[in-house]
Amino acid sequence: MGEFSAAWLHLREPVDAASRARHLARATGEALGHAAWVHVLDLGAGTGSNTRYLAGYLPRRQRWILADADAALLGQVGDEMYRWATGCGYTATFTPEGLEVSHGAHQWDIRTRLGSLAALDDEELFAGQHLVTASALLDLVSRHWVEALAVRCHAQGALVHMALSYDGRIECSPADPDDGLVRTLVNEHQVTDKGFGPALGPSAASETARSLERLAYRVERHQSDWLLGPCDREMQEALVQGWASAAASIAPEHAGSIEAWATRRQRVIEAGTSSLVVGHEDLLAHPPRPPR
Ligand SMILES: C[S@@+](CC[C@H](N)C(=O)[O-])C[C@H]1O[C@@H](n2cnc3c(N)ncnc32)[C@H](O)[C@@H]1O
C-alpha cells in the first residue's frame, strides 16, 4: 500500500475522524457563522476525508475547493463524496463542475483543483477563501512553505484549520527493545524532502503556529493522537510495514534489526495484544481580522 494510495487514505479515515479535536472543528464553524456562503480551500485533499469530517461543523452553505497534485486521488473525490452524502441521507447531484449536495437548508458545492501546491504560487486559489484547511499535510511541508501559507491566509483574513500533523511520538505496547531505534529513524525520515523542501516532520504544528502568530493570528492547539487497539489490525500492520521501510531507507546498516523488529511487532498484532499510540496535533488559527 503506497503512502498516499486511496486504500491507505480510506483505511485511516475513520481513525482520523475518531482522533480529531472535535471542539476545534466546532470552534471553526462558530467563527464562520456569519457568512451566507462559506468558501473553503482544502489543501492536499486526497479523496476528501477532511471535507467529509468538517462539512457537518460548518455553516449551512459551503463552497469547497479540494486541491491536490494527485489526479488519481482527486478523481475519486466525486464518488467518495457521493457515497458519503447519500449514506447520510442527503441529496447529491453531479454537475459539470463537481458535486452538489443538499439536505434541508444545507448546501454543499464541491469542486476539485488539480495541481502542485509546492510553490503556493496560485494566488487566485486563495482569493475569497474564508477557511483554509488541510489534514495530514503539514508534516510533509517545509518551514518556508508554512510561512508562505500564513501570508496567503492572512491576506484573505482566512481562518486556518490544520488537522492531524504527526508530532514525533510513537508508543508501542507491548514494548520492544528496538521501538526506540525505529522511532528515531522514522523521525529522521520525516524531515526528508517530500516535494516541498526539507520537511517539518514532527515540528510541523509548532512551526505553523509560530508563522501564524507572527502575523497576529490567535492559535489554538490540541492533541489528536491515533489510539490503535487490537481491532485496528489492518491499520497497525500498514503502519509497522511503513515505519520499517522508512527506517531501513535511512539506516540500511540496521535493515536486519528493523526487519526482525517488524516481524516481532507483526506477531503481537496477530496475537491481538498490540496497541499503538501515534502522536498528532490539530491547530485552529483565528485571523487578526475576522474572515469576510
Ligand atoms: C497524507 S495525504 C492526506 C490526504 C487527505 N488530506 C486526508 O486526510 O486523507 C497527503 C496528501 O498531500 C498530497 N500532496 C503531496 N504533495 C503534494 C503537492 N506537491 N501538491 C499538492 N498535493 C500534494 C497527496 O497527493 C495526498 O493527497
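In what follows, the structure referred to is the one given above.
### So, the packing of aromatic side chains
- Following the criterion strictly, the structure yields 7 aromatic pairs and no others.
- When the ring of Tyr53 is compared with that of Tyr57, the centres are 5.4 Å apart and the planes differ by 35 degrees; the resulting orientation is tilted.
- An aromatic cluster of at least three residues, connected via ring pairs, comprises Trp84, Tyr90 and Trp108.
- Across the ring face of Trp37, the terminal group of Arg63 is positioned such that the distance to the ring centre comes to 4.1 Å.

### Here we look at unusual backbone geometry
- Each neighbour pair has its own omega, and for Ser173 with Pro174 the value is 0 degrees, a cis peptide bond.
- Turning to its location among the elements, Pro174 is positioned in the loop between strand 7 (159-173) and helix 8 (179-190).
- At Ala136, a residue that is not glycine, the phi angle is positive and equals roughly 55 degrees.
- Position of Ala136 relative to the elements: it lies in the loop between strand 6 (131-135) and helix 7 (143-156).
- With a phi close to 60 degrees, Leu164 is a non-glycine residue in the positive phi region.
- Residue position: Leu164 is located in strand 7.
- Look at Leu164 and you get buried, because its relative accessible area is 2%.

### Quick look at the pairing of strand 4 (residues 99-103)
- As judged from the 4 bridges shared by strand 3 (residues 91-94) and strand 4, these two strands associate in the antiparallel manner. Looking at the pairing, Ala92 lines up with Val101 of strand 4.
- Between strand 3 and strand 4, which pair antiparallel and follow one another directly, the connecting turn spans 4 residues.
- Where strand 4 lies against strand 5 (residues 106-114), 5 bridges are found, and the strand directions are antiparallel. Counted as the bridge partner of Glu100 is Asp109 from strand 5.
- Following strand 4, the chain reverses through 2 residues before pairing antiparallel with strand 5; Gly104 in that reversal takes a positive phi of roughly 60 degrees.

### So, the site of the ligand
- Around the ligand there are 19 residues in total, and Phe4, Gly44, Asp68, Leu117 and Ser135 lie nearest to it.
- A distance of 2.6 Å is found between an oxygen atom of the ligand and a side-chain nitrogen or oxygen belonging to Asp68.
- For the ligand, an oxygen atom lies 2.6 Å from a polar atom in the side chain of Ser135.
- Out of a free accessible area of 590 Å², the ligand has 93% covered by protein chains.
- At a threshold of 2 Å from the grid points, most atoms of the ligand map onto the second largest pocket.
- Its residues assigned to classes, the shell around the ligand shows 11 nonpolar, 6 polar and 2 charged.

### Overview of the side chain of Ser135
- Examined against the element boundaries, Ser135 turns out to sit in strand 6.
- A relative accessible area of 12% means that Ser135 is categorised as buried.
- Ignoring anything within four residues of it in the chain, the contact list for Ser135 reads Arg20, Gly44, Asn50, Ala163 and Leu164.

### A closer look at the packing of helix 8 against helix 11 (residues 255-270)
- Two elements in contact, helix 8 and helix 11, have axes separated by 10 Å at closest approach and are oriented at 115 degrees. Classed by the angle they form, the pair helix 8 and helix 11 counts as roughly perpendicular. Pair helix 8 / helix 11 crosses with left-handed handedness. Seen from helix 8, the contacting residues are Asp179, Leu181, Val182 and Leu185; seen from helix 11, they are Ser257, Ile258, Trp261 and Arg265.
- Residues that form the contact of helix 8 with helix 11 fall into these classes: 5 nonpolar, 1 polar and 2 charged.

### Details of the nonpolar core
- Of all hydrophobic cores here, the largest spans 31 residues; its most connected members are Leu43, Phe126, Val132, Trp145 and Leu149.
- Looking at this core, the elements with two or more residues in it are strand 1 (38-43), strand 2 (61-68), helix 6 (123-126), strand 6, helix 7, strand 7, helix 9 (204-214) and strand 10 (275-286).
- Here the element with the most residues in this core is helix 7; it accounts for 5 residues.
- Beyond its immediate sequence surroundings of up to four residues, Phe126 is in contact with Leu41, Leu43, Leu120, Val132, Leu149, Arg152, Cys153 and Gln156.

Rules of the game
Going along each chain's sequence as written, the residues are numbered from 1 onward. Local features in this predicted model are restricted to residues whose pLDDT is 70 or higher, and side-chain atom pairs enter the listing and the counts only when it is 80 or higher, whereas totals over whole chains, interfaces and linings include all residues. Processing note: side-chain calculations cover all non-hydrogen atoms of the structure and skip hydrogens and water entirely. Under the pairing criterion, centres of Phe, Tyr and Trp rings, with the six-membered ring standing for Trp, must be within 6.5 Å; the plane angle then separates stacked pairs below 30 degrees from edge-to-face pairs above 60, leaving the rest tilted. Here, over-ring charges are defined by two tests on the NZ atom of lysine or the CZ atom of arginine: distance to the ring centre within 6 Å, and angle to the ring normal within 35 degrees. Each helix is a run of DSSP H or I of at least 4 residues and each strand a run of E of at least 2, with the numbering of both proceeding from the N terminus. For every residue, the accessible area (1.4 Å probe, protein chains only) is compared with the maximum for its type, and the residue is labelled buried under 20%, exposed over 50%, or partly exposed between those bounds. For two strands to be treated as a pair, DSSP must find no fewer than two bridges joining them. Nearness of a residue to a molecule or strand requires only that one of the residue's heavy atoms be within 4 Å of it. Under this definition, polar contacts are N or O atom pairs within 3.5 Å; protein pairs additionally need one hydrogen-donor-capable and one acceptor-capable atom, and for neighbouring residues in sequence, both atoms have to be side-chain atoms. To measure how exposed things are, a 1.4 Å probe is used in the Shrake-Rupley method; for residues, cover is taken only from the protein chains shown. Cavities and pockets were defined on a 1 Å grid built from protein atoms only: a cavity is a group of points that admits a 1.4 Å probe but offers it no way out, a pocket is an open group of points flanked by protein on both sides within 12 Å along at least five of seven lines, and a lining residue is one with an atom within 4 Å of any such point. What decides whether a molecule sits in a cavity or pocket is whether more than half of its atoms lie within 2 Å of the grid points. Put simply, Ala, Val, Leu, Ile, Met, Phe, Trp, Tyr, Cys and Pro go in the nonpolar bin, Asp, Glu, Lys and Arg in the charged bin, and everything else, Gly too, in the polar bin. Contact definition: two residues touch when any of their heavy atoms are within 4.5 Å. Lines are fitted to the C-alpha atoms to define the axes, a helix being fitted only along its stretch in contact, and any angle between axes, read from their N-to-C directions, falls within 0 to 180 degrees. Oblique is the label for any angle not covered by the other classes, which are roughly parallel (under 35 degrees), roughly antiparallel (over 145) and roughly perpendicular (65 to 115). Handedness of a helix crossing follows the sense of rotation of the near helix relative to the far helix, less than a right angle counterclockwise being left-handed and clockwise being right-handed. Think of a nonpolar core as a cluster: buried Ala, Val, Leu, Ile, Met, Phe, Trp, Tyr and Cys residues, connected wherever their side-chain atoms sit within 4.5 Å.

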